[in-house]
Every structure is written in C-alpha cells, then in structure tokens.
Amino acid sequence: MQEILPTPTRRAVHYTRNRAQDDQPFFLYFALTSPHEPVVPSEAFRGKSGIAPIADFVMETDWSVGEVLRAIDEAGIADDTLVIFTADNGHSHYTGWQDLIDAGHQPSGPYRGHKGDIWEGGHRVPLVVRWPGEVKPASSSNQLVCLTDLLATCLDIVGSELPAHGAEDSLSFLPALRGEPDRSPRRSLVSHSNM
C-alpha cells in the first residue's frame with residue numbers, strides 16, 4: 001500500500017521512455033489514485049509537509065506528475081506531446097480538511113463546499129494543459145468545461161467526429177486551448193450533491 005504512487009509512477013515513466021523510442025504517437029492515461037483515499041504517502045514523503053498525511057500525499061502527487069513530465073522532456077518528445085492534468089471533484093472534508101485550514105491552506109480556494117457538496121468547491125477542479133506550440137504558457141481561460149468535454153476535444157485534435165449517439169454532452173474546448181474567443185455552446189453544467 002505504501003507504494004501506491006511510486007509504483008504506477010515508475011511504470012508510467014518506463015512506458016513513456018519506451019514508447020518515445022518507437023517514433024510513433026502513443027497515448028498514456030495515467031489515472032492517479034491520489035490524493036484520494038487511502039491517504040498513504042510513501043516513506044520518502046511521510047511527514048514531509050509538516051502539516052498532515054494528506055498534505056504529504058499531495059506533495060507526492062506533484063512529484064509523481066513531475067516525474068512523468070521529466071520523462072517526456074528527457075525523451076525529447078515534449079514539443080509533440082499534449083499533457084492534460086485534471087481531477088474529478090473537489091477535496092473531501094474527511095481527509096485532513098481541518099489540518100489544512102489550520103496550516104493556512106484553503107482546500108477549496110475561495111469557493112464554498114467540498115467533495116460531495118452541490119457548491120462550487122465540490123466541483124471546480126484544476127484543468128492544466130501543457131502543449132507546446134498550441135497552448136500559450138501561463139495562459140488561462142474562463143470557458144466553462146466539463147470532463148465529458150475531453151472526448152470531443154481529443155477527437156477534434158485528431159480530426160475525428162463524435163459518434164452519432166451517446167456523446168451529445170461532449171463539447172470541444174480546443175479553441176479555448178488555442179487562446180481563441182469562447183465559442184462553446186456550453187453555458188451551464190448539471191451538478192448534484194450526494195447528501
């Protein structure tokens with residue numbers, strides 16, 4: 001259990017390095033279990049934050065993503081690689097929430113609520129993209145997107161169409177990635193509470 005991040009990280013790095021040698025496009029879906037439960041930072045990160053195990057685990061998550069990015073860079077494929085980092089929900093209130101607040105960190109930023117709430121703190125998540133030559137570094141967009149939009153966006157990138165049925169709720173945000181004005185028809189999202 002203590003290798004919940006190091007093991008898949010090593011595998012992702014190995015996969016990236018090996019596939020980069022093939023000189024063919026490849027896809028890596030690297031779904032981290034962290035910082036979701038179980039909160040089990042490895043020995044190298046245990047106590048590192050000085051705050052709480054969840055903070056240690058978030059630090060280790062940053063390290064994990066950094067290792068994969070470094071593998072991409074060292075393999076010489078960064079200029080041809082799209083990296084998308086995101087999450088599925090806000091921070092949970094039962095994994096060190098108060099410890100983080102006591103240390104001056106607001107898990108939901110300025111937003112009310114947390115995982116499982118109807119409020120924005122439970123649903124607004126990071127969506128960070130690195131795509132040299134396509135996405136301007138340090139740029140941002142206020143366009144409303146949903147995780148379902150990843151399908152339409154990725155298909156748009158490779159020049160394919162959405163399936164005729166079953167993907168009606170996926171809208172491409174490729175123009176926003178390229179810094180173009182918001183032309184998306186998405187003006188709302190449906191969110192719900194688990195309470």
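Since the structure is predicted, the reported quantities are computational estimates derived from the model, not experimental observations.

1. Section: unusual backbone geometry
No. 1: The omega torsion across Ser34 and Pro35 is -5°, close enough to zero to call that bond cis.
No. 2: With respect to the element layout, Pro35 can be found in the loop between helix 1 (6-21) and helix 2 (53-74).
No. 3: Going from Glu37 to Pro38, the amide bond is cis rather than trans, its omega being -5°.
No. 4: Residue position: Pro38 is located in the loop between helix 1 and helix 2.
No. 5: The phi dihedral of Asp23 is positive, around 60°, even though this residue is not glycine.
No. 6: Structurally, Asp23 can be placed in the loop between helix 1 and helix 2.
No. 7: Non-glycine residue Ala138 carries a positive phi angle of around 65°.
No. 8: Note that Ala138 resides in the loop between strand 2 (127-130) and helix 4 (149-157).

2. A look at the packing of helix 1 against helix 2
No. 1: Interaxial distance between helix 1 and helix 2 falls to 9 Å at its minimum, and their mutual angle equals 10°. With respect to helix 2, the axis of helix 1 lies roughly parallel. The residues of helix 2 that touch helix 1, namely those facing Pro6, Thr9, Ala12, Val13, Thr16 and Arg17, are Glu60, Trp63, Ser64, Glu67, Val68, Ala71, Ile72 and Glu74.
No. 2: Here the residues of the contact of helix 1 with helix 2 are counted per class, giving seven nonpolar, three polar and four charged.

3. Quick notes on the pattern of salt bridges
No. 1: Overall, the coordinates contain 10 salt bridges when judged by the stated rule.
No. 2: Between Glu3 and Arg10 there is a salt bridge, with its nearest N and O atoms 3.3 Å apart.
No. 3: Judged by relative accessible area, which is 38%, Glu3 ranks as partly exposed.
No. 4: Ionic pairing is found between Glu120 and Arg124, a salt bridge with its closest N-O pair at 2.5 Å.

4. Considerations on the nonpolar core
In summary, soluble globular proteins display a tendency toward joint burial of nonpolar side chains.
No. 1: Residues Ala12, Val13, Ala20, Val68, Ala71, Ile72, Ile77, Ala78 and Val83 constitute the largest nonpolar core, which totals nine residues.
No. 2: Those elements giving two or more residues to this core turn out to be helix 1 and helix 2.
No. 3: Once residues lying within four places of it in the same chain are set aside, the contact partners of Val13 are Glu67, Val68 and Ala71.
No. 4: Val129, Trp131, Leu174 and Ala176 belong to the second-largest nonpolar core, a separate cluster that totals seven residues.

Reading guide: rules and limits
Throughout, a residue's number is its position along its own chain's written sequence, starting from 1. It should be noted that, the model being predicted, local features are given only for residues of pLDDT at least 70 and side-chain atom pairs only at 80 or more, the latter also being counted only at that level, while totals for whole chains, interfaces and linings use all residues. Computation of side-chain values covers all heavy atoms of the structure but excludes hydrogens and water. Numbering of helices and strands runs from the N terminus, with a helix taken as a DSSP run of H or I at least four residues long and a strand as a DSSP run of E at least two residues long. What counts as an axis is a line fitted to C-alpha atoms, over the stretch in contact for a helix, and the angles between N-to-C directions run from 0 to 180 degrees. Throughout, the term roughly parallel applies to angles under 35 degrees, roughly antiparallel to angles over 145, roughly perpendicular to angles from 65 to 115, and oblique to all others. Contacts are residue-level and defined by heavy atoms, with any inter-residue pair within 4.5 Å sufficient. For this classification, Asp, Glu, Lys and Arg are treated as charged, while Ala, Val, Leu, Ile, Met, Phe, Trp, Tyr, Cys and Pro are nonpolar and the rest, including Gly, are polar. When a carboxyl oxygen of Asp or Glu lies within 4 Å of a side-chain nitrogen of Lys or Arg, that pair is called a salt bridge. Relative accessible area decides the class of each residue, using a 1.4 Å probe on protein chains only: under 20% of the type maximum gives buried, over 50% gives exposed, and in between gives partly exposed. Each nonpolar core is a collection of buried residues, namely Ala, Val, Leu, Ile, Met, Phe, Trp, Tyr and Cys, held together in the definition by side-chain atoms within 4.5 Å.

By themselves these figures say nothing about function.
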